[in-house]
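Each chain is listed here by its residues.
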Amino acid sequence: MSERRRLPRRYLVVAAFVFVVAASERFGGPLTVDALRGAVSSGTEAAADQLRDRNARGEIHLTFDDGPTPGYTAEILELLDRYDAEAVFFPIGEQVEPNAALLERAVDDGHRLGNHTWAHDRLADLTAWDFDAAVGRTQIAVERATGTVPTCLRPPEGVIDDAAVDMAAAEGLTVEMWTVDPLDWQTDDPDAIARRVIDGAEDGAVVLLHDGGGGRDATVDALGTILRELGRDGYRFTVLPGC
């Protein structure tokens, strides 16, 4: 019998992500790389315990990736303000300077800013220099534009390896994933987006939405429904812990 081939650790982390997502659907709560590592080393029950511990009763965490974008980000900020909702925006570094006013407004409105790399960069198999060009450069851009320093990192497409996790920690960044993905980047149907979020709502859920990267009219339309219906159900929209 041939010896079974051992997969690289980064693939185990990605595989664990799938298992922990399943656990998160049962237990809820922010999905972090710490949970992924727990799943790799101790099985999904340990990761599920962490998700459960981070639950916030009656709270949902909205996050927006790929912005800021003129028009869409402003409309999202207006809706969040109307419903007294807080969120975390994960901007693309190269879009920060030209749209600094939008990020300043977000901070003034009580929202938090994370880091989504300079140009939607894949955070695996990077040298320290590459990581700094993708993440460190974005840290500097956000601080220069708003006076705030991000404390959390959202890996594009959820792809990250252990080396990048360690480099993020050295930058003072926690790595934050999500538990509800309504695929708003994939559809122009606001009802479908809203229904996926509402159906996935539970204490401590982390919702992945986008304010850039393409046309986001459907996301904006869906957001009003999400805020209205989940607000009626008693949910509050608060900043993701760690950000």
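Below is a summary of the structure that appears in this document. From a predicted model like this one, the values you see are computed outputs, not experimental measurements.

A look at the pattern of salt bridges
Thought 1: If you walk through the whole model with that rule in mind, you get five salt bridges.
Thought 2: With a shortest N-O distance of 3.2 Å, Arg236 and Glu59 are connected by a salt bridge. You can see Arg236 sitting in strand S7 (residues 236-237) and its partner Glu59 sitting in strand S1 (residues 59-65), a full 177 residues away along the chain.
Thought 3: The salt bridge partner of Asp199 is Arg195, with a shortest N-O separation of 3.6 Å.

Details of the environment of Glu157
Thought 1: Relative to the elements of secondary structure, Glu157 occurs in the loop between strand S4 (152-153) and helix H7 (162-170).
Thought 2: Glu157 sits 36 residues away from Asp121 along the chain, and the two C-alpha atoms are 9.3 Å apart.

What to know about the state of the cysteines
Thought 1: In total, this model carries one disulfide according to the counting rule given.
Thought 2: Between the sulfur atoms of Cys152 and its disulfide mate Cys243 the distance is 2.1 Å. Handedness here is read from the sign of the S-S torsion; for Cys152 and Cys243, about 120 degrees, the answer is right-handed. Of this pair, Cys152 sits in strand S4 while Cys243 sits in the segment after S7, and the two are 91 residues apart along the sequence.

Comments concerning the packing of helix H8 (residues 190-200) against helix H9 (residues 217-232)
Thought 1: Contact geometry for H8 and H9: axes closest at 8 Å, N-to-C directions at 40 degrees. Viewed along their axes, H8 and H9 adopt a mutual orientation that is oblique. The chirality of how H8 crosses H9 is right-handed. In contact with Pro190, Ile193, Ala194, Arg195, Val197 and Ile198 of H8, H9 contributes Ala218, Thr219, Asp221, Ala222, Thr225, Ile226, Glu229 and Leu230.
Thought 2: Residues of the contact of H8 with H9, tallied by class, amount to nine nonpolar, two polar and three charged.

Focus: unusual backbone geometry
Thought 1: Of note, the bond from Gly67 into Pro68 is cis; its omega dihedral lies within 30 degrees of zero at -5 degrees.
Thought 2: One non-glycine residue, Asp84, lies in the positive phi region at around 55 degrees.
Thought 3: Looking at the secondary structure, you find Asp84 in the loop between helix H4 (72-82) and strand S2 (87-90).
Thought 4: Backbone geometry at Leu183 places phi at a positive 55 degrees, although glycine is not the residue there.
Thought 5: For Leu183, the position within the fold is in the loop between strand S5 (174-175) and H8.

Here we look at the nonpolar core
Thought 1: Formed by 38 residues in total, the largest nonpolar core has its most connected members in Leu62, Phe64, Leu80, Phe89, Leu223 and Leu230.
Thought 2: Among the elements that line this core, the one with the most residues is H9, at seven residues.
Thought 3: Listed in part, the 22 residues of the second largest apolar core include Leu153, Ala164, Ala168 and Val175.

Thoughts on the pairing of strand S6 (residues 206-210)
Thought 1: Among the five residues that make up S6, five are buried, leaving the element largely enclosed by the rest of the structure.
Thought 2: Residues Val206, Leu208 and His210 line one face of S6 and the alternating positions Val207 and Leu209 line the opposite face, and both faces are buried.
Thought 3: Across five bridges, the pairing between S1 and S6 is parallel. If you follow Asp65 over to S6, its bridge partner there is His210.

Some points on the pairing of S1
Thought 1: Among the seven residues in S1, seven count as buried, and that is most of the element.
Thought 2: With burial as the criterion, each face of S1 is covered, one bearing Glu59, His61, Thr63 and Asp65 and the other bearing Ile60, Leu62 and Phe64.
Thought 3: Handedness of the crossover joining S1 and S2 through H4 is recorded here as right-handed.

Some points on the side chain of Glu59
Thought 1: Owing to a relative accessible area of 17%, Glu59 belongs among the buried residues under this scheme.
Thought 2: Polar side-chain contacts of Glu59 include one of 3.2 Å to the side chain of Arg236.
Thought 3: Among the polar contacts made by the side chain of Glu59, one reaches the side chain of Thr238 at a distance of 2.8 Å.
Thought 4: In contact with Glu59, not counting residues within four places along its chain, are Glu202, Asp203, Gly204, Ala205, Tyr235, Arg236 and Thr238.

A short note on a negative patch on the surface
Thought 1: A surface patch of negative charge is lined by Glu75, Glu78, Asp81, Asp84, Glu86, Asp188, Asp189, Asp191, Asp217 and Asp221.
Thought 2: Within the residue set of the negative patch, elements represented by two or more residues are H4 and H9.
Thought 3: Residue position: Asp189 is located in the loop between S5 and H8.

Criteria and cut-off values
Residues numbered from 1 in each chain as written. Predicted model: local features only at pLDDT ≥ 70, side-chain atom pairs only at ≥ 80, totals over all residues. Heavy atoms only, no water. Salt bridge = Lys/Arg side-chain N within 4 Å of Asp/Glu carboxyl O. Helix = DSSP H or I, 4+ residues; strand = E, 2+ residues; numbered from the N terminus. Disulfide = S-S within 2.5 Å. Axes fitted to C-alpha atoms, helices over the stretch in contact; angles between N-to-C directions. Parallel < 35°, antiparallel > 145°, perpendicular 65-115°, else oblique. Left-handed = near helix turned anticlockwise from the far one by under 90°. Contact = heavy atoms within 4.5 Å. Nonpolar A, V, L, I, M, F, W, Y, C, P; charged D, E, K, R; others polar. Core = buried A, V, L, I, M, F, W, Y, C linked by side-chain atoms within 4.5 Å. Buried < 20%, exposed > 50% of the residue type's maximum accessible area, 1.4 Å probe, protein only. Pairing = 2+ DSSP bridges. Right-handed = clockwise from strand over helix to strand, strands pointing away. Polar contact = N/O pair within 3.5 Å; in protein donor to acceptor, adjacent residues only side chain to side chain. Patch = residues over 30% accessible without salt bridge, like charges linked within 9 Å, V, L, I, M, F, W, Y side chains within 5 Å. Areas by Shrake-Rupley, 256 points an atom, 1.4 Å probe, with all protein chains shown as cover. Lys, Arg positive; Asp, Glu negative; His and termini not counted. Charge placed at Lys NZ, Arg CZ, Asp CG, Glu CD.

Structural measurements only, silent on function.
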